[in-house]
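Observations on the three-dimensional arrangement
One letter stands for each residue in the lines below.
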Amino acid sequence: MTKSMFGEETPMIDLSTISSRSDLLDETLKGQLRQVLARMKQPVTLKAVVDMENQSSREMAAFLNVFSSLSDQLSLELYLPQEAGQVPELDVTYLPVTGLYQDGQYKRVAFHGIPGGKEINSFVAAVGNLAGAGKGVGFLLKKKIDKIRHKANLKICVSLSCHHCPGVVAACQQIALLNPNVEAEMIDARLYEDLVSRYQIERVPFIIVNDHDTYMGNKTAEDIADLLIY
Amino acid sequence: MSLINKEIEDFRVQAYQKGEFLEVTKEAVLGHWSVFFFYPADFTFVCPTELGDLMDHYEEFQKIGCEIYSVSEDTHFVHKAWADTSETIGRIQFPMLGDPAGVLARQFGVLVEAEGQALRGTFVVNPQGLVKVYEIHDMGIGRNAQELLRKVQAAQFVHEHGDQVCPAKWKPGEETLTPSLDLVGLL
């Protein structure tokens with residue numbers, strides 16, 4: 001762990017050592033993303049724990065490095081597993097993990113794995129919503145989300161080719177951004193065989209609430225909020 | 001016209017089950033999954049094979065909360081006589097409905113009026129009384145209980161989780177999919 005001149009802890013991974021090219025982000029897509037991210041009104045920091053011995057983590061580190069270069073409102077901090085103590089709010093059971101932060105606060109939205117395929121959309125939506133670039137939610141839904149009074153950790157297991165999944169991930173993360181009792185973590189289940197076998201996941205989207213209750217299939221933000229109000 | 005999602009109509013029939021006679025009504029079949037399993041007539045050759053096959057899987061149907069109701073246009077007394085004389089039928093545990101007036105066969109559209117017999121129709125009805133799966137075979141074309149079990153399980157899955165799910169067939173070492181941007185409705 002290192003300290004900056006202001007005494008703050010700084011990330012150990014020097015971003016200049018991370019590839020500035022990602023096979024997942026070609027020039028066309030980067031151009032499209034730049035346009036979307038230009039709507040960001042507030043800065044967002046991406047903090048990720050990556051195990052550089054692992055292919056997926058290396059792939060994610062490069063993806064994040066390129067992605068965060070697409071807007072001045074984005075910044076990136078990468079940590080090795082042994083430095084994860086600097087981001088204790090992130091669940092490092094499933095690496096790589098990336099959390100969304102604003103003003104130094106973890107915003108209870110995280111991604112385990114790589115948001116490739118269809119899941120790029122939930123990733124961009126989460127960043128955009130946190131940055132004030134989203135269309136927000138309606139009054140009635142906001143009222144419902146406010147009624148969630150119990151702590152809820154939502155793990156949304158997805159496959160990157162699932163067309164129902166990004167909507168469910170985005171809905172859960174929208175709720176998490178609006179209610180401090182809720183945390184929403186996308187999990188690309190393909191990378192975590194133990195999780196798949198523990199919950200016998202055969203179909204996605206598959207939502208695990210507080211590591212206990214499970215729900216399958218497409219759901220709206222209203223449906224998900226209803227599950228969490230009791 | 002399709003019978004899918006049609007609510008079953010009121011009925012009241014007499015049945016035979018494990019040496020006893022009983023009455024079965026629409027109300028009695030609501031609240032759990034049901035299979036109505038029509039066959040042409042008692043004392044025929046294909047029928048005991050099909051019913052025996054169903055009996056071999058009966059425990060599995062029970063485990064998933066599904067009751068089997070076999071139905072023919074015979075009376076419940078004939079069902080008893082058949083059970084008393086056939087080893088295969090004698091071991092059947094599920095209710096065998098007698099439908100001599102054709103009330104059930106007509107509402108499910110399987111009655112062959114000229115013969116007073118039912119086609120080989122199978123109907124899966126959900127706990128709310130709605131037909132969710134059915135197949136109708138001409139006389140003599142047999143059915144498969146294992147396949148029927150799979151269909152009931154599939155119907156139950158959709159009933160519980162909706163039909164908006166994707167199968168997840170992950171292969172270890174699979175490459176990360178290239179992103180495809182489509183933010184409609186998300187941002």
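That block above? That's the structure.
Moving on, we get to the overall build of chain B. A count of helices and strands for chain B gives seven helices and 10 strands. Overall, chain B is about 65 × 35 × 30 Å in size when its C-alpha atoms are taken along their principal axes. Residue burial in chain B is summarised as follows: out of 187 residues, 50% are buried. Of the accessible surface of chain B, which amounts to about 9,300 Å², a share of 52% is contributed by carbon and sulfur atoms. Side chains of chain B carry 15 positive and 28 negative charges; the gap between the two charge centres is 1 Å.

Each partner contributes residues to the interface: chain B has 22 residues there, and chain A has 43 residues. Summed over both sides, the interface of chain B with chain A buries roughly 2,700 Å², with 67% coming from carbon and sulfur. It is B:Trp170, B:Thr176 and B:Leu187 that lose the most area in chain B upon contact with chain A, and together they represent 29% of the buried surface on that side. The interface formed by chain B and chain A includes zero salt bridges. Taken together, chain B and chain A are joined by 10 residue pairs in polar contact (both at pLDDT 80 or more). Counting residues per element, the ones that place at least two in the side of chain B that touches chain A are helix H7 (145–161) and strand E10 (166–167) of chain B. Here two bridges tie strand E9 (residues 203–204) of chain A to E10(B), and the two strands are oriented antiparallel to one another. The residue of E10(B) that forms the bridge with A:Val204 is B:Cys166.

Next up on the list: the sheet that holds strand E7 (residues 152–158) of chain A. All names here are of chain A. Read from one edge to the other, the open sheet built from eight strands follows the order E4-E3-E5-E6-E8-E7-E10-E11, with strand pairing classed as mixed. The two strands at the open ends of the sheet, each matched to only one other strand, are strand E4 (74–79) and strand E11 (213–216). Strand-to-strand twist in this sheet, taken as the mean axis angle between neighbours without regard to direction, amounts to 20 degrees. Where strand E3 (residues 44–49) and E4 come together, six bridges link them in parallel fashion.

Time to look at the pattern of salt bridges. If charged atoms from side chains of opposite charge come close, those side chains can pair. Under the counting rule described, the total for this entry stands at 17 salt bridges over all chains. Ionic pairing is found between B:Glu9 and B:Lys6, a salt bridge with its closest N-O pair at 3.1 Å. By relative accessible area, B:Glu9 is classed as partly exposed at 42%. Counted as one network, the salt bridges with shared partners bring together A:Lys155, A:Glu185 and A:Asp211.

Here we come to the sheet that holds strand E1 (residues 12–17) of chain B. Residues and elements named next belong to chain B. Strand order in this open sheet of seven strands is E2-E1-E5-E4-E3-E8-E9, and the pairing throughout is mixed. The two strands at the open ends of the sheet, each matched to only one other strand, are strand E2 (20–25) and strand E9 (131–137). Sheet twist, expressed as the mean angle between neighbouring strand axes with direction ignored, is 25 degrees. As paired strands, strand E3 (residues 33–38) and strand E8 (residues 120–125) are joined by four bridges and run antiparallel to one another. Counterpart to Val35 in the pairing with E8 is Val124. Running at roughly 15 degrees to E1, helix H4 (residues 76–85) makes contact with E1, E2, strand E4 (66–72) and strand E5 (96–98) of the sheet.

Core analysis: the largest hydrophobic core is formed by 79 residues, its most contacted members being A:Leu46, A:Phe67 and A:Leu154. Considering each element in turn, this core owes the most residues, eight residues, to helix H5 (residues 165–178) of chain A. What A:Phe67 contacts, discounting residues up to four positions off in sequence, is A:Leu25, A:Leu33, A:Leu37, A:Leu46, A:Leu74, A:Phe123, A:Val124 and A:Val127. If you look at the next biggest cluster of nonpolar residues, it comprises 26 residues, including B:Cys47, B:Phe61, B:Trp82 and B:Met96.

To continue, consider the packing of aromatic side chains. Under the counting rule described, the total for this entry stands at 19 aromatic pairs over all chains. Between B:Phe11 and B:Phe36, the aromatic rings sit 6.1 Å apart at their centres with planes inclined by 85 degrees, giving edge-to-face as the arrangement. Here B:Phe11 is found in the segment before E1, whereas its partner B:Phe36 is found in strand E3, with 25 residues between them in sequence. The burial state of B:Phe11 is the same as that of B:Phe36; both residues are buried. Between the aromatic rings of B:Phe21 and B:Phe77, the centroid separation amounts to 5.2 Å while the plane-to-plane angle is 80 degrees, which identifies the pairing as edge-to-face. Of this pair, B:Phe21 sits in strand E2 while B:Phe77 sits in helix H4; the two residues are 56 residues apart in sequence, bridging distant segments of the chain. Residue class for B:Phe21 comes out partly exposed when judged on its relative accessible area of 38%. In this structure an aromatic cluster arises from ring pairing among B:Phe11, B:Phe36, B:Phe38, B:Tyr69, B:Phe108, B:Phe123 and B:Tyr134. Sitting over the face of the ring of B:Phe157, A:Arg203 holds its NZ or CZ atom 4.5 Å from the ring centroid. Note that B:Arg143 overlies the ring of B:Phe37, its terminal NZ or CZ placed 3.7 Å from the centroid.

The next thing to look at is the state of the cysteines. According to the stated counting rule, one finds one disulfide over all chains in the structure shown. One disulfide in the model links A:Cys162 with A:Cys165; its S-S distance is 2.4 Å. Between A:Cys162 and A:Cys165, the S-S dihedral sits near 90 degrees, and the bridge is therefore right-handed. Taken individually, A:Cys162 and A:Cys165 each receive the classification buried, so the pair is uniform in this respect. Between A:Cys172, a free cysteine, and A:Cys165, which holds the nearest cysteine sulfur, the sulfur-to-sulfur gap is 11 Å. A:Cys172 sits in the buried class, given a relative accessible area of 0%. Here B:Cys166 is not cross-linked by a disulfide; its sulfur's nearest cysteine counterpart is in A:Cys162, at 3.4 Å.

All names here are of chain B. For E8, a buried count of six out of six residues is recorded, marking the element as mostly surrounded by other parts of the structure. Burial along E8 is two-sided: the residues Arg120, Thr122 and Val124 and Gly121, Phe123 and Val125 are all buried. As paired strands, E8 and E9 are joined by six bridges and run antiparallel to one another. For Arg120, the partnering residue across the bridge sits in E9 and is His137. What sits between the antiparallel neighbours E8 and E9 is a turn of five residues, in which Gly129 has the positive phi angle 85 degrees.

What counts as what
- Residues numbered from 1 in each chain as written.
- Chains lettered and ligands numbered in written order.
- Predicted model: local features only at pLDDT ≥ 70, side-chain atom pairs only at ≥ 80, totals over all residues.
- Heavy atoms only, no water.
- Helix = DSSP H or I, 4+ residues; strand = E, 2+ residues; numbered from the N terminus.
- Buried < 20%, exposed > 50% of the residue type's maximum accessible area, 1.4 Å probe, protein only.
- Areas by Shrake-Rupley, 256 points an atom, 1.4 Å probe, with all protein chains shown as cover.
- Lys, Arg positive; Asp, Glu negative; His and termini not counted.
- Charge placed at Lys NZ, Arg CZ, Asp CG, Glu CD.
- Contact = heavy atoms within 4.5 Å.
- Buried area = accessible area lost by both parts, 1.4 Å probe.
- Salt bridge = Lys/Arg side-chain N within 4 Å of Asp/Glu carboxyl O.
- Polar contact = N/O pair within 3.5 Å; in protein donor to acceptor, adjacent residues only side chain to side chain.
- Pairing = 2+ DSSP bridges.
- Axes fitted to C-alpha atoms, helices over the stretch in contact; angles between N-to-C directions.
- Core = buried A, V, L, I, M, F, W, Y, C linked by side-chain atoms within 4.5 Å.
- Phe/Tyr/Trp six-rings, centres within 6.5 Å; stacked < 30°, edge-to-face > 60°.
- Lys NZ or Arg CZ within 6 Å of the ring centre and 35° of its normal.
- Disulfide = S-S within 2.5 Å.

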